[in-house]
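# What the coordinates show
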Amino acid sequence: MHTTTTDDAAVQVRAATRADLTAIAALHTGARAASHRARFPDTPFDVPAEHAREHAAWSRVLERDDTPALCAARHGTVVGAASYRHRGGHRRPAVTLHQLHVDPHHWGTGIGRALHTACLRAWRTAGFSRAVLDVRWHNHRARAFYAALGWRPDPERRPAPDATHLTLTLDLAATAGPPAPCGR
């Protein structure tokens, strides 16, 4: 477990467990809803079907041996989660950040940065030199967060003109220092 001091309280980042499943699914659904509302203000996203979908998806993540999952807790409440996996079968092997979500009530408090720092530590310890992720094209908040931490568009995966996602890459050797200040 890793403890980080953020804006107003210590954050504990640790391995996620089945006991965290409901909280992780709820914060993921809430984060997606908040992000999508900015683009589609009249569409409901925080609905029971979305909660069920995220619950099932995170259940699968927590059951996999090849997909580490982390959660961030403040005052004993899970307020963020991340998961990643080795990306094999590619010309340049990498670790893929599949998920990094923060409860919208905790955006800008350092939770995302604490999760990102824990991921970097784990990736470097495992010997990875490169990381990749896909971010929704219209999610400008997430794109700015990742850009501030050194992520750049992957030159090997240019988006199509009608793309909904952008692939970003991070050279782990080049980002060996502390992450840039940023509140997510």
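Everything numeric in this text was worked out from a predicted model, so none of it was measured. Residue positions are given per chain, counted from 1 along the sequence in the order it is written. Local features in this predicted model are restricted to residues whose pLDDT is 70 or higher, and side-chain atom pairs enter the listing and the counts only when it is 80 or higher, whereas totals over whole chains, interfaces and linings include all residues. The side-chain values count all of the structure's non-hydrogen atoms but skip hydrogen atoms and water molecules.

## Concerning the side chain of Thr169
Counting from the N terminus, the helices are the DSSP runs of H or I reaching at least four residues and the strands are the DSSP runs of E reaching at least two. With respect to the helices, strands and loops of the structure, Thr169 is situated in strand β8 (residues 165-171). Relative accessible area decides the class of each residue, using a 1.4 Å probe on protein chains only: under 20% of the type maximum gives buried, over 50% gives exposed, and in between gives partly exposed. The class of Thr169 is buried, set by a relative accessible area of 13%. Polar contacts involving the side chain of Thr169 include one to the main-chain carbonyl oxygen of Ala131, which spans 3.1 Å. When residues no more than four places from it in sequence are discounted, the contact partners of Thr169 are Arg130, Ala131, Val132, Gly150, Trp151, Arg152, Pro153, Asp154 and Pro155. Side-chain atoms alone can form a polar contact between residues adjacent in sequence; in general such a contact is a pair of N or O atoms within 3.5 Å, and within protein one must be able to donate a hydrogen while the other accepts it. Residue contacts are defined here by distance: any two heavy atoms, one from each residue, within 4.5 Å place the two residues in contact.

## Some remarks on the confidence of the model for the protein
Averaged over all residues, the pLDDT of the protein equals 84, while 79% of them reach at least 70. Across the protein, the secondary-structure element scoring lowest on mean pLDDT is strand β1 (residues 2-5), at 54, and the one scoring highest is strand β3 (residues 69-74), at 97. The quantity called pLDDT is the predictor's confidence in a given residue, expressed from 0 to 100.

## What to know about the pairing of strand β6 (residues 130-136)
Each regular strand shows side chains that alternate between the opposite faces of the sheet. Buried residues dominate β6, accounting for five of its seven residues. Here strand β5 (residues 94-102) runs beside β6; their pairing, made up of three bridges, is parallel. Looking at β6, one finds that Val95 is bridged to Ala131. Each parallel crossover has a hand, and the one from β5 via helix α3 (residues 111-125) to β6 is right-handed. Strands are labelled as partners when DSSP assigns at least two bridges between them. Where β6 lies against β8, seven bridges are found, and the strand directions are antiparallel. Across the sheet, residue Asp134 finds its bridge partner in β8, namely Thr167. By convention a crossover is right-handed if, when the strands point away from the viewer, the path from the first strand over the helix to the second runs clockwise.

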